[in-house]
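Per-entry structural report
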Amino acid sequence: LEEKVGQLFCVMGGDYKIEELAGMVREGKVGGVLYRPVPTEEIQKRYQILDKAAKVPLLKAANLEEGGAGAVSDGTLFGWPMMVSAANDDGMVEKFAKVCAVEGQMAGINWSFSPVCDLDLNYRNPITNVRSYGSDKERVKKNTEIYVRTLQECGMAACAKHFPGDGVDFRDHHLHPTYNSLPAEEWYASYGMIYENLIKNDLMSIMAGHIVQVNVSRDINPELTFEECMPASQSREL
């Protein structure tokens, strides 16, 4: 049971000394470690130490959203997803995903917190903007599908985010629960459609955001009051 609980955690590697982190992996059975970008050689050395401490092979995560630079400080800054989308070229999305996968794997990364599947519907949103593939749901659907397929063909697990969908509220859900306020039918035809398509295309994981979708929650469970609707990170319905 302790090992199963430990596997639930993906900790921030940069918040701990390497000896302390290795102890968490060895005794606490922590299942995943995420590093913010530092030089490739430095991350490689850290993971070598952690691999020796791990009973089960670790999930090694990074935010590979804009190229290899999302994992390592000496990686390639290919371009933000909106820049890639603006090229209107499927081949460019494939190249983008390959750069993320290959340069991430050189550092030992095997789990990418990407693609960003959010729609850029509110220009005041502090999270989405150029991190999204835009506001056109069909273009976001196509680009995220190409990205996930290419990334996973390269041997790296994709993690689509931020479910149930950022880009509607004007606040930061990392700091305070925010709201995706679209009507349920509109959500199913946009964000829901994008995630459903990725799941059908063998997406390996999804990141739940601290985002509330009241209309979808109540569509699933009509007895919920507004106050009872929880963010996706805590909601059974979502």
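Described below are features of the structure shown in this document. (Residues numbered from 1 in each chain as written. Predicted model: local features only at pLDDT ≥ 70, side-chain atom pairs only at ≥ 80, totals over all residues. Heavy atoms only, no water.)

1. Remarks on empty space enclosed by the protein
Filter applied, for reference: Put simply, the grid is 1 Å and covers the protein atoms alone, a cavity is a trapped set of points that fit a 1.4 Å probe, a pocket is an open set with protein on both sides within 12 Å along at least five of seven lines, and lining residues have an atom within 4 Å of a point. Grid points are joined across faces, edges and corners, and a volume is the space filled by probe spheres set on the points. In this classification, the charged set is Asp, Glu, Lys and Arg, the nonpolar set is Ala, Val, Leu, Ile, Met, Phe, Trp, Tyr, Cys and Pro, and all remaining amino acids, among them Gly, are polar.
Tallying each qualifying case throughout the model produces 1 cavity of 30 Å³ or more. By volume, the largest cavity amounts to about 40 Å³. In this structure, the largest cavity is lined by Glu-3, Gln-7, Val-25, Lys-29, Val-30, Ala-54, Lys-55 and Val-56. Grouping the constituent residues of the lining of the largest cavity by class yields 4 nonpolar, 1 polar and 3 charged.

2. A word on the packing of aromatic side chains
Put simply, the rule is: Two aromatic rings from Phe, Tyr or Trp, using only the six-membered ring of Trp, form a pair when their centres are within 6.5 Å; if the ring planes differ by under 30 degrees the pair is stacked, by over 60 it is edge-to-face, and anything between is tilted. Runs of E in the DSSP output that reach at least two residues are strands. Runs of H or I that reach at least four are helices, and both are numbered from the N terminus. Throughout, exposure labels follow a simple rule: accessible area from a 1.4 Å probe, protein chains only, divided by the maximum for the residue type, with under 20% read as buried, over 50% as exposed, and the rest as partly exposed.
Summed over the entire model, instances satisfying the criterion amount to 8 aromatic pairs. Considering the side-chain rings of Phe-163 and Trp-187, the 6.0 Å spacing of their centres and the 80° angle between planes classify their relative orientation as edge-to-face. Here the residue Phe-163 occupies a position in strand E5 (residues 157-163), and Trp-187 occupies one in helix H7 (residues 184-188), the gap between them amounting to 24 residues. Side by side, Phe-163 and Trp-187 carry an identical accessibility label, which is buried. Considering the side-chain rings of Tyr-179 and Phe-226, the 5.8 Å spacing of their centres and the 10° angle between planes classify their relative orientation as stacked. Here Phe-226 lies in the segment after helix H9 (214-220) and Tyr-179 lies in strand E6 (residues 178-179), a separation of 47 residues in the sequence. Looking at Tyr-179, the relative accessible area reads 28%, which means it is partly exposed. An aromatic cluster of at least three residues, connected via ring pairs, comprises Phe-163, Trp-187, Tyr-188 and Tyr-195.

3. Let's talk about the packing of helix H2 (residues 18-27) against helix H3 (residues 40-53)
To keep it simple, the criterion reads: Between the N-to-C directions of two axes lies an angle of 0 to 180 degrees, each axis being a line fitted to C-alpha atoms and, for a helix, fitted only over the stretch in contact. To sort the angles, those under 35 degrees are grouped as roughly parallel, those over 145 as roughly antiparallel, those from 65 to 115 as roughly perpendicular, and the leftovers as oblique. Should the near helix be turned anticlockwise from the far one by less than a right angle, the crossing is left-handed, and should it be turned clockwise, the crossing is right-handed. Working rule for contacts: check all heavy atoms of both residues, and any pair within 4.5 Å makes them a contact.
Closest axis-to-axis distance for the H2/H3 pair is 8 Å, and the angle between their directions is 30°. Classified by the angle between their axes, H2 and H3 sit roughly parallel to one another. Between H2 and H3 the crossing geometry is right-handed. Contact residues: Ile-18, Leu-21, Ala-22, Val-25 and Arg-26 in H2; Arg-46, Ile-49, Leu-50 and Ala-53 in H3. Classifying every residue of the contact of H2 with H3 by side-chain character gives 7 nonpolar, no polar and 2 charged.

4. Focus: unusual backbone geometry
Of note, the amide linkage connecting Lys-161 to His-162 takes the cis form, showing an omega dihedral of 0°. Here His-162 is to be found in strand E5. A cis amide bond links Phe-163 to the next residue, Pro-164, at an omega of 10°. By the secondary structure assignment, Pro-164 is in the loop between E5 and E6. Of note, Asn-88 is a non-glycine position whose phi angle comes to about 55°, a positive value. The topology assignment puts Asn-88 in the loop between helix H4 (81-86) and helix H5 (90-106).

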